[in-house]
Amino acid sequence: MHHQQPHPATAAPSTPVGASPISDACQPKRGKKRGSYNCGRCGLPKKGHSCYAPGTTTPTDPKPLAIVAPSPLSAVRASSPPRQPHSQLRRALSFDDIDVGDSPESDDDEYMVPELESDLGSGRLTATCLWEVLRRLPPTALLSVAKVCKGWRDTARRFWRAAEELRLRVPAKAQVGFVGSVLQKCPGLVRLSLRMESDVDATMLACIAFSCPNLEFMEIFTSDTSINRITGDELGRFVADKRCLTSLKMEGCSNLGGFILCSSSLSNLWLSDLHSLSKMVFNCPNLKEISLDFSRLENDSTDLTAMVDGLGRSCPRLQNIHIASVRLSHTVVLALTAANLRGLRMLSLVLGSEITDASVAAIATSYSNLELLDLSGSSISDSGIGMICNVFTETLSRLLLALCPNISSSGIQFATAQLPILELMDCGMTICDPSSPIPTPEESNDYEFQKTPNGKLHHIYQKLIIKHGRLKKLSLWGCSGLDALYLNCPELNDLNLNSCSNLHPERLLLQCPNLESVHASGCQDVLVETIQNQVCREFAAVENHFPCKRLADGSKRVRVPLCVSQQPSDDDKKGGRVQKRLCTVILD
């Protein structure tokens, strides 16, 4: 039975856009062999037709079909194939006219690594060079350069996606949408640092949690104009949801009220500006470092004893503890020693005016392997320093005893003599003249000087003699009761003498060949000049001299710069002198 074949014009709707002429050749022909009345490239009638479809398209080249979006007319008119406008064809074939959002999702992986051999733009700038330029720009500049051209926009997009660390300053008038738009560009972000000049609330935490699923390190700094409105419950939910988070640092936590932190991955926790916390529960078995900085207000009602007792039970792997609070007392120290934290290596209990020599004895009994001990602002005396030297002789490398009015120069000298591996020592505001003004807040590191009830008055003018082979940093800021200083420390590179107003210039001797910086703000002009003369004299004594050579006729000796003759001079060979780094005297 002979079936009637449909006319080619009626069979055209089944032909895909951009199909090859081979598909038309397979159709059976009727009548005379005049060929088809339809276009062999797009399938439309030839009468009055101007075809814009490419004539070299083959069935094995799917690129135009993969990029060009189907026309809206295809859903309405099914009887005839849609006619694609000229603009869409140019968009499909022109690389510079494609928007970022028009690229297929399957090509996301290729943007993670830059194309090293490709050229971008009319300037023939390679992607490698552009990548090196963009990696040195701040986030706001990256948003701007993406508007230059398509090549720059693609490179900036790859850079955002490959970023693992982001440091962002949020302006005062910026909304949470600004942060969200930036974070969405970085799906692989691991480390995030925000410096907030606007207020912080739970919406910001939710935005971070949604945009950064693999976040491991987060820090939020606040300015004087911003307020941290995050509550303890909101912070607890954020920590519990971020199972990859290992480090959390946050400032301005005055509105927490109380919190319960539960995390098996959190290892570092820093919270500052805490005030009157009703409850503090740390269920973090892998926590290794904790820093809690409380406000200086006297009406702080936080129960530090209960907090320290809970730390010992729920955080057995703690190695570093820093607590700054005016409510620190001997009772808190006893609770800390009862926690039996065997891995504790660094202990900092700052501004505890009720911490005495008995507290030092308890610390020395329970934790004999400390590498850092900070008891700044306490009421310990020279007897407490003696206990420290007897117990931590082989382990202690950093000792900070600033703002301790009961310590004299004899105790400082004894500590430097009995601690052979000591590298850093801070004795600021220990040897003080009661008649001298208190240093500025910048010099005192925002600590308030507190007079202890059992404080005793030492002799105003004291001398300090320190001879140590490994000491690298020494801080004596605010020691207005010091009038004589003799230092013989070959490894010392940083010396702080700020506000040492009574130090006599003729009683200063610095035998420190590796000294790099001396802080002398607030000192007398004569003392500053003496410091400069001593450090410059040492530099002039050991600097290399230019070698001398005679002219060709032997009539005159001239000096040859080191850039011309790199050979050491005869004087240097005889004396064995070594080049010394120049020391800087800082007066700001």
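Residues numbered from 1 in each chain as written. Predicted model: local features only at pLDDT ≥ 70, side-chain atom pairs only at ≥ 80, totals over all residues. Heavy atoms only, no water.

**Q** Would you explain the overall build of the protein in this entry?
**A** Tallying secondary structure elements over the protein gives 16 helices and 24 strands in all. Of all 588 residues assigned to the protein, the portion counted as buried reaches 42%. Long-range pairs, those at least 24 residues apart, make up 60% of the contacts in the protein with a sequence separation of at least 6. Accessible area for the protein stands at about 32000 Å²; split by element, carbon and sulfur atoms hold 52% of it. (Helix = DSSP H or I, 4+ residues; strand = E, 2+ residues; numbered from the N terminus. Buried < 20%, exposed > 50% of the residue type's maximum accessible area, 1.4 Å probe, protein only. Contact = heavy atoms within 4.5 Å. Areas by Shrake-Rupley, 256 points an atom, 1.4 Å probe, with all protein chains shown as cover.)

**Q** Looking at this structure, I do not really get the nonpolar core. What am I missing?
**A** Within soluble globular proteins, side chains that are nonpolar tend to cluster in buried spots. Membership of the largest hydrophobic core comes to 125 residues, with the highest contact counts inside it found for Met 218, Leu 271, Phe 282, Leu 349 and Leu 399. Sequence-distant contacts of Leu 399, that is, excluding residues within four places in its chain, are made with Leu 373, Ile 388, Ala 415, Leu 419, Leu 422, Leu 424, Met 425 and Asp 426. (Core = buried A, V, L, I, M, F, W, Y, C linked by side-chain atoms within 4.5 Å.)

**Q** What exactly am I supposed to notice about the UniProt feature "domain: F-box" (unreviewed entry) in the protein here?
**A** According to UniProt, the "domain: F-box" (unreviewed entry) feature falls on residues 129-159. Along residues 129-159 one finds 74% helix and 0% strand; the C-alpha atoms at either end are 13 Å apart. (UniProt positions renumbered as here; feature names shortened; annotations may be inferred.)

**Q** Sorry if this is basic, but what is going on with the environment of Leu 422 here?
**A** By secondary structure assignment, the location of Leu 422 is in the loop between helix H14 (409-418) and strand S15 (424-426). Here Leu 422 falls in the buried class, since its relative accessible area comes to 0%. Along the primary structure Leu 422 and Leu 372 are separated by 50 residues, whereas in three dimensions their C-alpha atoms are 9.8 Å apart. Not counting the four nearest positions on each side in its chain, Leu 422 is found in contact with Leu 396, Ser 397, Arg 398, Leu 399, Thr 416, His 468, Arg 470 and Leu 471.

**Q** Teacher, can you tell me more about the environment of Glu 371 here?
**A** Structurally, Glu 371 is set in the loop between helix H12 (357-366) and strand S13 (372-374). Glu 371 sits in the partly exposed class, given a relative accessible area of 33%. Between the C-alpha atoms of Glu 371 and Thr 395, which are 24 residues apart in sequence, the distance is 5.4 Å.

**Q** Just checking my understanding: could you explain the packing of H12 against helix H13 (residues 382-391) for this structure?
**A** What describes two packed helices is the angle between their axes and the distance between those same axes. Interhelical geometry of H12 versus H13 gives an angle of 10° and a closest axis separation of 9 Å. When the axis of H12 is compared with that of H13, the two are roughly parallel. Counting all contacts with H12, which are made through Asp 357, Val 360, Ala 361 and Ala 364, the residues of H13 involved are Ser 383, Gly 384, Met 387, Ile 388 and Val 391. Here the residues of the contact of H12 with H13 are counted per class, giving 6 nonpolar, 2 polar and 1 charged. (Axes fitted to C-alpha atoms, helices over the stretch in contact; angles between N-to-C directions. Parallel < 35°, antiparallel > 145°, perpendicular 65-115°, else oblique. Nonpolar A, V, L, I, M, F, W, Y, C, P; charged D, E, K, R; others polar.)

**Q** Just to check I follow, could you spell out the packing of helix H11 (residues 330-338) against H12 for this structure?
**A** Running from N to C, H11 and H12 cross one another at 5°; their axes reach a closest spacing of 9 Å. Taken together, H11 and H12 sit at an angle that is classed as roughly parallel. On H12, the residues that touch His 330, Val 333, Leu 334 and Thr 337 of H11 are Ala 358, Ser 359, Ala 362, Ile 363 and Ser 366. Across the contact of H11 with H12, the residue classes break down as 5 nonpolar, 4 polar and no charged.

**Q** What is the right way to look at the confidence of the model for the protein in this model?
**A** Parts of the model with low pLDDT should not have their predicted coordinates read in detail. For the protein, per-residue confidence averages 76 on the pLDDT scale, and residues scoring 70 or more make up 68% of the total. A low-confidence stretch, residues 539-549 (pLDDT under 50), is modelled with 35 contacts involving residues beyond four sequence positions or located in other chains. (pLDDT = per-residue confidence, 0-100.)

**Q** What is the right way to look at the sheet that holds strand S16 (residues 462-467) in this model?
**A** Whenever strands of a sheet pair, they do so through backbone hydrogen bonds, lying parallel or antiparallel. Pairing in this open sheet of 3 strands is parallel, and the strands run S16-S18-S20 from one edge to the other. This sheet does not close on itself; its edge strands, each paired only once, are S16 and strand S20 (508-511). Across this sheet, the average inter-strand angle for adjacent strands is 15°, counted without regard to direction. Here 6 bridges tie S16 to strand S18 (residues 482-488), and the two strands are oriented parallel to one another. The partner of Lys 463 across the bridge, within S18, is Ala 484. (Pairing = 2+ DSSP bridges.)

**Q** I keep staring at the pairing of strand S10 (residues 289-294) and nothing clicks. Help me out?
**A** Consecutive side chains along a regular strand alternate between the two faces of the sheet. Sheet analysis places strand S8 (residues 268-274) next to S10, joined by 6 bridges and oriented parallel. Bridge assignment links Leu 271 to a residue of S10, and that residue is Leu 292. Where S10 and strand S11 (residues 320-324) come together, 5 bridges link them in parallel fashion. Each residue of the ladder has a partner; that of Leu 292, found in S11, is Ile 323. Handedness of the crossover joining S10 and S11 through helix H10 (residues 304-314) is recorded here as right-handed. (Right-handed = clockwise from strand over helix to strand, strands pointing away.)

**Q** Explain the side chain of Ser 198 here, please?
**A** In this structure, Ser 198 sits in the loop between strand S4 (191-196) and helix H8 (202-211). Not counting the four nearest positions on each side in its chain, Ser 198 is found in contact with Val 170, Pro 171, Ala 172, Ala 174 and Ser 226.

**Q** Explain a nonpolar patch on the surface here, please?
**A** There is a patch of nonpolar side chains on the surface, built from Ile 465, Tyr 486 and Leu 509 and spanning about 230 Å² of accessible area. Position of Tyr 486 among the secondary structure elements: in strand S18. With a relative accessible area of 31%, Tyr 486 lands in the partly exposed category. (Patch = residues over 30% accessible without salt bridge, like charges linked within 9 Å, V, L, I, M, F, W, Y side chains within 5 Å. Salt bridge = Lys/Arg side-chain N within 4 Å of Asp/Glu carboxyl O.)

**Q** Can you help me understand the packing of aromatic side chains in this one?
**A** Each aromatic ring pair is characterised by the separation of its centres together with the angle its planes make. Inspection of every chain in the model, using the stated rule, returns 1 aromatic pair. Between Phe 259 and Phe 282 the ring centres are 5.4 Å apart and the planes differ by 75°, which places this aromatic pair in the edge-to-face class. Residue Phe 259 is found in strand S7 (residues 259-262), and its partner Phe 282 is found in strand S9 (residues 280-283); the two are separated by 23 residues along the sequence. The residues Phe 259 and Phe 282 share a single accessibility class, namely buried. (Phe/Tyr/Trp six-rings, centres within 6.5 Å; stacked < 30°, edge-to-face > 60°.)

**Q** How should unusual backbone geometry be read in this particular structure?
**A** Only a minority of non-glycine residues have a phi that is not negative, and only a minority of peptide bonds are not trans. Phi is positive for Ser 276, which is not a glycine, with a value near 50°. In this structure, Ser 276 sits in the loop between S8 and S9. Of the residues examined, Ser 276 reaches a relative accessible area of 24% and is grouped as partly exposed. Not every positive phi belongs to a glycine, and Ser 499 is a case in point at roughly 65°.

**Q** When you look at the pattern of salt bridges in this model, what are you seeing that I'm missing?
**A** Opposite charge on two side chains permits them to pair, given that their charged atoms come into close proximity. For the coordinates displayed, the defined rule picks out 10 salt bridges. Residues Asp 199 and Arg 229 are paired through a salt bridge, measuring 3.2 Å at the closest nitrogen-oxygen approach. Pair noted here: Asp 199 is in the loop between S4 and H8 and Arg 229 is in the loop between strand S5 (217-222) and helix H9 (232-241), with a separation of 30 residues, a long-range link. In this structure, the salt-bridge partner of Arg 470 is Glu 423, at a minimum N-O distance of 3.6 Å. With Arg 470 in the loop between S16 and strand S17 (473-475) and Glu 423 in the loop between H14 and S15, this pair connects stretches of sequence that are 47 residues apart. For Arg 470, a relative accessible area of 40% translates into the label partly exposed.

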